[in-house]
Amino acid sequence: HVQLVESGGGSVQAGGSLRLSCAASGFTFSTYCMSWVRQAPGKERVGVAGIYTGGSSTVYADSVKGRFTISQDNAKSTVYLQMNSLKSEDTALYYCATGDAFDGYESWGQGTQVTVS
């Protein structure tokens, strides 16, 4: 079965950086679109970045363009989210998911908390 395990969250000061990782198993990782989705307190989940089959293309929410970078390592079945120039409004629970905002998300990890102060 599909398993997605996120790591790398934490607390950081505004302007700082974090790198999130999501280790995937139970499916053919290189053939799936992978996304990072976040949920701030009291708000709905919102997609922040997606990477398409084999890393051929990426897409970002306007709020994170130029600051966040999504990438993947097919040999490790892992997708990453490098987050730079973090702002307080980036504080959220970050989820790794299969799929994308256009066609829908399918499987989810348990989430990793990012807090920016």
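This structure is a prediction, so every number in the text was calculated from the model and none was measured.

Q: Help me understand the side chain of Thr112, please; the structure alone is not making it clear to me.
A: By the secondary structure assignment, Thr112 is in strand E11 (residues 112-116). The class of Thr112 is buried, set by a relative accessible area of 10%. Among the polar contacts listed, one links the side chain of Thr112 to the backbone nitrogen of Gly9, at a separation of 3.1 Å. Beyond its immediate chain neighbours, meaning those up to four positions away, Thr112 contacts Glu6, Ser7, Gly8, Gly9, Leu20, Ala92, Leu93 and Tyr94.

Q: For this particular structure, what's the right way to read the state of the cysteines?
A: Put plainly, two cysteines are in a disulfide when a covalent bond ties their sulfur atoms together. Summed over the entire model, instances satisfying the criterion amount to one disulfide. You can see Cys33 has no disulfide; the closest cysteine sulfur is in Cys96, sitting 10 Å from it. Judged by relative accessible area, which is 13%, Cys33 ranks as buried.

Q: Help me understand the nonpolar core, please; the structure alone is not making it clear to me.
A: For soluble globular proteins, the rule of thumb is that nonpolar side chains tend to be buried together. Counting 27 residues, the largest nonpolar core has Met34, Trp36, Val79, Leu81, Met83 and Tyr94 as the members making the most contacts within it. Elements that contribute at least two residues to this core include exactly strand E3 (18-25), strand E4 (34-39), strand E5 (45-51), strand E7 (68-73), strand E8 (78-83), strand E9 (92-100) and E11.

Q: Mind showing me how you'd approach the pairing of E5 here?
A: Regular strands place their side chains on alternate faces of the sheet. Both E4 and E5 contribute to a ladder of six bridges, which runs antiparallel. Directly across from Met34, in E5, lies its bridge partner Ile51. Connecting E4 to the next strand, E5, in antiparallel fashion are five residues, including Gly42 with a positive phi near 80°. With three bridges joining them, E5 and strand E6 (residues 58-60) adopt antiparallel strand pairing. Its bridge partner being in E6, Ala49 is matched across the sheet by Tyr60. A loop of six residues connects E5 with E6, the two strands running antiparallel in sequence, and Gly54 in this loop sits at a positive phi of about 70°.

Q: What exactly am I supposed to notice about the packing of aromatic side chains here?
A: Any aromatic ring pair is given by two values, namely how distant the centres are and how the planes are angled relative to each other. Taken as a whole and assessed by the stated rule, the structure comprises four aromatic pairs. Seen in terms of ring centroids, Tyr95 and Trp108 are 5.8 Å apart; in terms of plane orientation they differ by 90°. Their pairing is edge-to-face. Of the two residues, Tyr95 sits in strand E9 while Trp108 sits in strand E10 (residues 104-108), which places them 13 residues apart along the sequence. Here the aromatic residues Phe27, Phe29 and Tyr32 are joined through ring pairs into a cluster of three or more. Against the face of Tyr95 rests Arg45, its NZ or CZ located 3.9 Å from the ring centre. Seen from the ring of Trp108, Arg45 lies directly overhead, with NZ or CZ sitting 4.4 Å from the centre.

Rules and cut-offs
- Numbers given to residues run from 1 along each chain, matching the order in which its sequence is written.
- Only residues with pLDDT of at least 70 are given local features in this predicted model, and only at 80 or more are side-chain atom pairs given and counted; all residues enter the totals for whole chains, interfaces and linings.
- To obtain the side-chain values, all non-hydrogen atoms of the structure were included, while hydrogens and water were left out.
- Here a helix means four or more residues in a row that DSSP labels H or I, a strand means two or more in a row labelled E, and each is numbered from the N terminus.
- Note on exposure labels: buried denotes an accessible area under 20% of the residue type's maximum, exposed denotes more than 50%, and partly exposed covers the range between, all computed with a 1.4 Å probe on protein chains only.
- We call two N or O atoms a polar contact when they sit within 3.5 Å, provided that within protein one can donate a hydrogen and the other can accept it, with sequence-adjacent residues counted only if both atoms are side-chain atoms.
- Should any heavy atoms of two residues lie within 4.5 Å, those residues are counted as being in contact.
- Here, the term disulfide refers to a pair of cysteine sulfur atoms separated by no more than 2.5 Å.
- The criterion is simple. A nonpolar core is a set of buried Ala, Val, Leu, Ile, Met, Phe, Trp, Tyr and Cys residues joined through side-chain atoms within 4.5 Å.
- At least two bridges found by DSSP between two strands are what make those strands a pair.
- Centres within 6.5 Å are what make two rings of Phe, Tyr or Trp a pair, Trp counting through its six-membered ring; a difference in plane orientation under 30 degrees is then read as stacked, over 60 as edge-to-face, and the rest as tilted.
- Remark: a charge is flagged as sitting over a ring if the NZ atom of Lys or the CZ atom of Arg is within 6 Å of the ring centre and within 35 degrees of the ring normal.

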